[in-house]
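Residue strings, one per chain:
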Amino acid sequence: MTKSSPQFASGQEVLVVDKDEKVTRGMETVLAKLGLVVTATADPIRAQDLLINKFFAVGLFDIDTPTTGAGLELLRFARDKSPLTTILMMTARKAFDIGVAGFRGGATDVVVKEPDSVPYLKDRVVAAANELIANSDRNTLLEEVVDLHEDFLRRMRDMSRQNVDLEDRLLGRANVSGGAGDTCSIVLVDDDPGVAKAFDALFPEAKGWRITAALTGGEGLDFAAEFRPQIVLVKDPLPDLPARMVTGNVKKLSPDSIAIVYQYDRPAAPGEVTLVEGSRPMLLLSSYTGPEQLVSVLAEVREGIRQKLKERRYLQVFRQTHLEFLNRYNNVRQRVQAVIARAKK
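For clarity, every value in this text was computed on a predicted model and none was experimentally measured. (Residues numbered from 1 in each chain as written. Predicted model: local features only at pLDDT ≥ 70, side-chain atom pairs only at ≥ 80, totals over all residues. Heavy atoms only, no water.)

### A word on the packing of aromatic side chains
Then, in step 1: Taken as a whole, this structure holds 6 aromatic pairs when the rule is applied.
Then, in step 2: On the numbers, 5.6 Å between centres and 20 degrees between planes, the contact of F199 with F203 is stacked.
Then, in step 3: Judged by relative accessible area, which is 2%, F203 ranks as buried.
Then, in step 4: In this structure an aromatic cluster arises from ring pairing among F152, F325 and Y329.
Then, in step 5: Against the face of W209 rests R302, its NZ or CZ located 4.5 Å from the ring centre. (Phe/Tyr/Trp six-rings, centres within 6.5 Å; stacked < 30°, edge-to-face > 60°. Buried < 20%, exposed > 50% of the residue type's maximum accessible area, 1.4 Å probe, protein only. Lys NZ or Arg CZ within 6 Å of the ring centre and 35° of its normal.)

Have a look at this one:
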């Protein structure tokens, strides 16, 4: 048998539970010489408390402490409360069923208490402590590898972005935002035809805006389904449908569309402009009086859309260029994470 190196396990905690003081004193003496920190008790209740409040690399439990077979209950408790602790059961009885019960309960080994067994038991304790440290070091290393690979992937994506930007500049398409040019399409839903004219003046096609006006909520939904606009502006109230119903259906028809609801001055409160996204609308303007106030707001929304489309294009190019690498990377990453997860159970 190859004996384990005690230096590697030095400092590890060991819990010895046995009603025989000769056994506990003997194990304390033998294991302390190896640099292990031993806590001994004959009380299983105290042992349970220790297992809950302190981590032990190894537990040495007598099967018949304090009464016949009672150590198996402590074994089950340890397996539940401290699953990373290696449990070695000791017994003075040479019976096959005792060993079977210990192994079934989750013990790593069942050792008969005889003088000749002391060297073997000592080596088993050291080996278990060493294995725990080795597994911990391996898991730490695997986690560092995962982090390093994630950082490497981020750097690859950054380099891919730089390459795409450089290619766009060299080919004279620096403003390309991802398949839609630099035009921002808007469906405007307002029952006042004069509002559409105001928007046409404020957001001209010459500056990259394309306005499609609808006079009713139903018409606005038809346009949203047909054109899949980047922005949908909805007046509240509308003559046919609630504004929130319109925006809700727009998000179903065109999930990428930005839905904005605006209200003019009301008798009891000023108008508001809100971005409808999820269950919590975001207030964009708290006092809305006319379309001219939306110039800067929509410019910001447009820039956000441009950046989102640009990021989407970066990702598409990166995936197309490195598809085989990404498949291998994801496969290895999942396998490493599965190994780490199993080790922590």
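There's more to say after this.
### So, the sheet that holds strand β4 (residues 86-91)
Then, in step 1: Spatially, 5 strands are ordered β2-β1-β3-β4-β5 in an open sheet, and the strand pairing comes out parallel. The open sheet is flanked by β2 (37-41) and β5 (109-112), the only strands paired with a single partner. Across the sheet, the mean angle separating the axes of adjacent strands is 20 degrees when strand polarity is ignored.
Then, in step 2: With 5 bridges joining them, strand β1 (residues 13-17) and β2 adopt parallel strand pairing. (Pairing = 2+ DSSP bridges. Helix = DSSP H or I, 4+ residues; strand = E, 2+ residues; numbered from the N terminus. Axes fitted to C-alpha atoms, helices over the stretch in contact; angles between N-to-C directions.)

### Observations concerning the sheet that holds strand β8 (residues 231-235)
Then, in step 1: The strand order across the open sheet formed by 6 strands is β7-β6-β8-β9-β10-β11, and the pairing between neighbours is mixed. Where the open sheet ends on each side, the last strands, each with one partner, are β7 (209-214) and β11 (282-288). For this sheet the average axis-to-axis angle between neighbouring strands, irrespective of direction, equals 20 degrees.
Then, in step 2: Strand direction decides the pairing type here: strand β9 (residues 258-262) and strand β10 (residues 271-276), joined by 4 bridges, are antiparallel. The residue bridging A259 from the neighbouring strand is V276, located in β10.

### What to know about the nonpolar core
Then, in step 1: Counting 24 residues, the largest nonpolar core has L188, F199, I231, L233, I260, L294 and L298 as its most contacted members.
Then, in step 2: Going through the elements one at a time, β6 (184-189), α7 (193-202), β7, β8, β9, β10, β11 and α10 (294-321) are the ones with two or more residues in this core.
Then, in step 3: Looking at this core element by element, the count peaks at 6 residues for α10.
Then, in step 4: With residues up to four places along the chain from it excluded, the contact list for L294 reads F199, F203, V273, L285 and Y288.
Then, in step 5: The next biggest cluster of nonpolar side chains, apart from the first, holds 20 residues, and it includes V16, M27, A57 and A128. (Core = buried A, V, L, I, M, F, W, Y, C linked by side-chain atoms within 4.5 Å. Contact = heavy atoms within 4.5 Å.)

### Observations regarding the packing of helix α3 (residues 44-53) against helix α4 (residues 71-81)
Then, in step 1: As a packed pair, α3 and α4 sit with axes 10 Å apart at the nearest point and diverge in direction by 10 degrees. By the angle between their axes, α3 is roughly parallel relative to α4. For the pair formed by α3 and α4, the contact residues are P44, A47, Q48, L51 and I52 on the first element and L74, F77 and A78 on the second.
Then, in step 2: Of the residues that constitute the contact of α3 with α4, the class distribution is 7 nonpolar, 1 polar and no charged. (Parallel < 35°, antiparallel > 145°, perpendicular 65-115°, else oblique. Nonpolar A, V, L, I, M, F, W, Y, C, P; charged D, E, K, R; others polar.)

### Side note on the pairing of β7
Then, in step 1: Where β6 meets β7, 6 bridges bridge the pair, whose relative direction is parallel. By the bridge assignment, L188 is partnered in β7 with A213.
Then, in step 2: A crossover connection joins β6 to the parallel β7 through α7; in handedness this β-α-β unit is right-handed. (Right-handed = clockwise from strand over helix to strand, strands pointing away.)

### Points about unusual backbone geometry
Then, in step 1: For the bond from T65 to P66, the omega torsion is 0 degrees, close enough to zero to count as cis.
Then, in step 2: Cis peptide bonds are those with omega within 30 degrees of zero, and the linkage from D236 to P237 qualifies with 10 degrees.
Then, in step 3: Checked against the element boundaries, P237 lands in the loop between β8 and α9 (243-253).

### Points about α3
Then, in step 1: Of all the residues in α3, the buried ones are P44, A47, Q48, L50 and L51. Seen along its axis, α3 keeps its buried residues to an arc of 160 degrees; they face one direction. Away from the buried face of α3 by more than 90 degrees, exposed residues I45, I52 and N53 are located.
Then, in step 2: Of the surrounding secondary structure, the elements contacted by the buried residues of α3 are β1, β2, β3 (58-62) and α4. (Arc of directions from axis to C-beta.)

The values reported here are purely geometric and, on their own, carry no functional implication.
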